[in-house]
Structure formats: structure tokens, C-alpha cells
Amino acid sequence: MIYLDNSATSKIDSEVLNEMMPYLTENFGNSSTPYSLGKISKKAVDEARIKVASLIGANPKEIYFTSGGTESDNIAIKGVAYSLKNKGNHIITSIIEHPAVLETCKYLEKNGFSITYVPVQNDGIINISEVKRAITPSTILITIMHANSEIGTIQPIEEIGKIAKENGIYFHTDAVQSVGKIPVDVDSLNVDLLSMSSHKIHGPKGIGALYIRKGLKISPIIHGGGQEQNIRPGTENVPGIVGFGKACEIAKRDLEKNMVQMTFLRDELIKGVLQNIKESYLNGHPEKRLPNNAHFRFTGIEGESLLLRLNLKGIAVSTGSACSSKSLEPSKVLKSIGLENVDSHGSLRLSLSKDTTLKEVQQVILELVEVVEKLRNISALW
Ligand SMILES: *Cc1c(COP(=O)(O)O)cnc(C)c1O
């Protein structure tokens with residue numbers, strides 16, 4: 001099987017699994033307990049926190065473990081909204097956010113908050129002046145993702161963060177897709193809060209983290225036994241945390257190497273597809289994109305049929321983000337970059353990993369050429 005859907009989830013690293021095993025078996029202690037077994041877990045959680053913090057240039061005290069990217073986004077956005085509701089009720093986000101951000105904003109909209117959804121340009125990049133223009137005296141939070149989960153475009157987070165800072169507004173970024181793929185540093189990005197998820201970087205599922213800058217107080221949205229400095233109470237998922245920590249350590253260690261390798265393979269894939277399939281196009285900015293993301297549209301084709309045919313050949317890809325592919329609605333992201341519905345439906349996302357090989361990429365190009373031609377031969381749109 002050739003797996004090119006790493007933006008949906010990624011394979012757990014064997015090094016990560018090995019590191020987790022003892023905490024799934026003999027080291028099962030609750031890290032809040034005072035005896036030796038509990039202390040073993042506490043120590044493992046502390047060490048993992050250092051590794052996670054180190055990947056994003058944060059202090060370990062600024063890392064809060066959560067159940068993943070979705071929960072981190074919820075805690076960040078609702079947490080700031082609730083704690084600052086007496087100061088203002090306006091939040092700025094973008095129309096290309098992950099549902100974990102968009103749906104949270106929609107929920108807040110029904111509960112007295114006002115949300116501005118800034119658009120993107122046709123290359124999938126947010127225009128900074130739109131963000132500036134959206135600011136009002138009651139703006140309390142800007143939340144804009146670092147890299148888009150569908151088309152892989154990388155947003156000008158440093159600049160947006162600078163604007164937020166100048167205006168005394170908190171800035172959150174969903175960095176689930178960018179962490180571990182490109183350099184992410186909370187200080188140079190000027191962010192106050194940042195969401196991460198383990199399973200997108202070869203760690204286990206169901207674990208992630210929220211970075212909250214020192215001194216920033218947010219209201220907790222769940223209440224309980226006081227773990228994670230009361231921001232995310234509940235008995236720690238020790239094996240998950242250990243695995244996530246290891247995944248971060250590996251991501252940091254191999255970042256340069258993986259970036260170079262994935263960028264090369266991504267560009268081979270893009271070149272191969274665009275040269276060999278007529279009326280095929282790349283969606284999103286050609287350079288300001290994740291090293292592992294290639295997103296195409298093919299005239300006269302249904303992405304869904306393409307996906308199913310590729311599946312029969314043992315190739316796993318995506319027509320959109322996994323989270324929205326169940327619905328027949330054309331992707332909001334593709335609509336926002338100006339694609340007509342028919343072009344949106346003819347789009348395909350191929351997301352690579354550090355384990356993707358040149359041979360796999362060449363194989364996928366060959367299969368794509370063949371499948372696109374076959375589908376066009378029977379297509380009423382072509
Ligand atoms: C996958 C993803 C999420 C959700 O993370 P989970 O850990 O699956 O909850 C949030 N934001 C982005 C950009 C993602 O790609």
C-alpha cells in the first residue's frame with residue numbers, strides 16, 4: 001500500500017511505540033500518587049513535556065496536555081473568550097480554518113460573541129490588511145491557522161502576531177499541520193496560544209497539547225481534579241503523553257532532513273502530474289506550502305471516483321480533509337480560493353510523510369495518469 005494521506009493521520013513510529021510500551025503495561029501508576037509507581041509516571045510526563053516544549057521553543061510550564069488538536073482549539077478559543085468577555089466580544093478568524101476552530105467560533109456566535117471570518121486570496125494565503133481592517137475596540141482574540149490542512153498553504157503568522165501584539169489582542173494559531181513539518185517557534189511566530197496534535201507527527205492518537213504563553217490566564221472549559229494546572233483536568237494519558245513526547249523529539253531531531261526530502265518528493269510529484277496530465281492544476285500557493293502537501297484539480301473528473309480507483313490500486317489519498325469528506329458539500333477551503341463547485345469536486349490531496357519514497361511517488365504519477373485518462377473517457381464533463 002502507498003499511503004499519501006498523512007494530513008489525515010500518520011503511522012506511529014516504531015521508536016514511539018517502544019517508548020510507550022512500559023507505560024501501557026507495568027508502569028501503569030497514576031502520576032498524581034505519591035508512591036514509587038506514581039512517581040515513575042510523573043517523571044515520564046515531565047520528561048515528555050520538556051520534549052514537546054522544545055519542539056516549539058516554549059517553556060515546559062507553558063505546555064498543557066490535551067486529547068488532541070480539537071480539544072486544544074476549543075480550550076484556547078473558548079478559554080480566552082470566557083475570560084475576556086467583559087473586555088470585548090469580538091473574535092477574528094479565517095474562512096479556511098479546521099472545523100475544530102470554525103465550529104467553536106460558530107458556537108460562540110450563538111452565545112453572544114461576534115466573529116469576523118477573513119477571506120483568503122486565490123493562492124490560499126490570508127491578506128494581512130484584511131486582518132488589520134477587521135480589528136475593532138472589542139476584539140479580544142485572533143485565531144488563524146499556521147498551515148492549512150487541505151491545500152497546505154502557510155499563513156503569515158509572524159506578521160499577524162505582530163499586529164495582534166500591537167493592538168493588545170491575544171493570538172492563537174492552530175499549528176497541527178505545521179508542527180514537525182516546518183520550524184515552529186512560539187516567540188518568532190508572536191503567538192500567545194498554539195495547538196498541536198500527536199497523531200499528525202507519527203505519535204499516538206488521542207493526545208495533543210496547547211501552548212499558553214506564561215502569564216496569560218484563560219478560563220477552563222472543563223472542571224475536575226486539577227491536573228494540567230486546572231486547564232485540562234483528568235487523569236493523565238501517560239502512555240499517550242510519553243509517545244507524543246518521543247514523536248516531538250524525533251520530529252525535532254530529523255526536521256531539516258525530512259523537510260529537504262519531502263520538499264524534493266513533493267516537487268517531483270507536482271512536476272510529474274502537471275507535465276503528464278493535461279488540464280491538471282496545483283491548488284494553493286506553489287512555494288508557501290507544507291513540504292508534504294500536493295493538492296491538484298483535474299478538469300472533467302470527480303475526485304471521489306479518482307480516490308476509489310486509486311484505492312483499488314492500493315493508494316490512499318484524500319479528496320478534502322478527512323473531517324469533511326463525508327459530506328457532499330464542496331470544500332469551504334476550495335470555494336474560498338475561488339474554485340467552482342465542479343473544480344472542487346475534481347480535486348485531490350496527496351500528503352507525504354518522511355517515509356514516502358521516490359519509487360512510491362513515481363508509481364503514483366503513473367497510476368494517476370492512467371486513472372485520470374480512464375475516467376475522462378467515460379466522463380460526461382470531459
Ligand atoms: C487534524 C487537525 C485537527 C484536529 O486534531 P485532532 O488531534 O485529530 O483532534 C485540528 N486542526 C488541524 C489543522 C488539523 O489538521
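Residues numbered from 1 in each chain as written. Predicted model: local features only at pLDDT ≥ 70, side-chain atom pairs only at ≥ 80, totals over all residues. Heavy atoms only, no water.

An unreviewed UniProt entry annotates the protein as Cysteine desulfurase IscS of Methanococcus vannielii. Recorded under Cofactor (unreviewed entry), the UniProt text for the protein is reproduced unchanged: "pyridoxal 5'-phosphate". Taken directly from UniProt, the Catalytic activity (unreviewed entry) text for the protein runs: "(sulfur carrier)-H + L-cysteine = (sulfur carrier)-SH + L-alanine". (UniProt positions renumbered as here; feature names shortened; annotations may be inferred.)

> Outline the overall build of the protein, listing residues and values.
Along the backbone of the protein there are twelve helices and twelve strands. Whereas a compact globule of 382 residues would reach a radius of gyration of roughly 21 Å, the protein reaches 21 Å, a difference of no more than 12%. With the C-alpha coordinates of the protein rotated into their principal frame, the extents come out at 70 × 55 × 35 Å. For the protein, buried positions account for 57% of its 382 residues. Taking contacts inside the protein between residues at least 6 apart in sequence as the whole, the part at least 24 apart equals 73%. Approximately 16500 Å² of the protein is accessible, and the part contributed by carbon and sulfur atoms is 53%. Here the protein contributes 43 positive and 42 negative side-chain charges, whose respective centroids are spaced 3 Å apart. (Helix = DSSP H or I, 4+ residues; strand = E, 2+ residues; numbered from the N terminus. Rg over C-alpha atoms; globule rule 2.2 N^0.38 Å. Buried < 20%, exposed > 50% of the residue type's maximum accessible area, 1.4 Å probe, protein only. Contact = heavy atoms within 4.5 Å. Areas by Shrake-Rupley, 256 points an atom, 1.4 Å probe, with all protein chains shown as cover. Lys, Arg positive; Asp, Glu negative; His and termini not counted. Charge placed at Lys NZ, Arg CZ, Asp CG, Glu CD.)

> Can you break down the domain arrangement of the protein residue by residue, with the values?
In many analyses, interface size is given as the accessible surface area lost on bringing the parts together. Each assigned domain of the protein is listed here: domain 1 (2–8 + 254–377) and domain 2 (14–250). Relative to domain 2, the C-alpha centre of domain 1 lies at a distance of 27 Å. Contacts between the two partners involve 32 residues from domain 1, matched on the other side by 29 residues from domain 2. For the domain 1 and domain 2 pair, buried surface summed over both sides reaches about 2500 Å², with 61% attributable to carbon and sulfur atoms. Along the contact surface separating domain 1 from domain 2 lie zero salt bridges. Summed over the shared surface of domain 1 and domain 2, the number is nine residue pairs in polar contact (both at pLDDT 80 or more). Those elements giving two or more residues to the side of domain 1 that touches domain 2 turn out to be helix 8 (255–276), strand 10 (293–298) and helix 10 (332–336). (Domains from an automatic or database assignment. Buried area = accessible area lost by both parts, 1.4 Å probe. Salt bridge = Lys/Arg side-chain N within 4 Å of Asp/Glu carboxyl O. Polar contact = N/O pair within 3.5 Å; in protein donor to acceptor, adjacent residues only side chain to side chain.)

> Can you explain the site of the ligand? Please cite residues and give values.
Looking at the ligand, there are 13 residues lining it, with Thr-70, Asp-174, Gln-177, Ser-197 and Lys-200 nearest. A distance of 2.8 Å separates an oxygen atom of the ligand from a polar backbone atom of Gly-69. In this structure, Asp-174 approaches the ligand through a side-chain N or O atom, which is 2.6 Å from a nitrogen atom. Residue composition of the shell around the ligand, by class: two nonpolar, eight polar and three charged. (Near = heavy atom within 4 Å. Nonpolar A, V, L, I, M, F, W, Y, C, P; charged D, E, K, R; others polar.)

> Tell me about the pattern of salt bridges, and name the residues and values.
Per the stated rule, a full pass over the model turns up 22 salt bridges. We note a salt bridge from Arg-49 to Glu-228, for which the minimum N-O separation is 2.8 Å. Residue Arg-49 is located in helix 2 (residues 36–55), and its partner Glu-228 is located in the loop between strand 8 (208–212) and helix 7 (238–253); the two are separated by 179 residues in the primary sequence. Taking the relative accessible area as the measure of exposure, Arg-49 reaches 15% and is therefore buried. When its relative accessible area of 7% is taken as the criterion, Glu-228 is described as buried. Among the ionic pairs, Lys-313 bridges to Glu-367, the shortest N-O distance being 3.2 Å. Taken as a pair, Lys-313 in the loop between helix 9 (303–312) and strand 11 (315–316) and Glu-367 in helix 12 (residues 358–377) lie far apart in primary sequence, 54 residues in all. What makes Lys-313 partly exposed here is its relative accessible area of 36%.

> Could you give me a rundown of the sheet that holds strand 5 (residues 139–143), with the residues and numbers involved?
Across the sheet, seven strands lie side by side as 2-8-7-6-5-3-4; this open sheet has mixed pairing. Whereas interior strands pair on both sides, the edge strands pair on one side only; in this sheet they are strand 2 (63–66) and strand 4 (114–118). Averaged over all adjacent pairs, the angle separating strand axes in this sheet is 20°, with direction ignored. Pairing between strand 2 and strand 8: four bridges, direction antiparallel. Bridged to Phe-65 within strand 8 is Ala-209. Across the sheet, helix 2 is in contact with strand 2, strand 7 (193–197) and strand 8; its angle to strand 2 comes to roughly 110°. (Pairing = 2+ DSSP bridges. Axes fitted to C-alpha atoms, helices over the stretch in contact; angles between N-to-C directions.)

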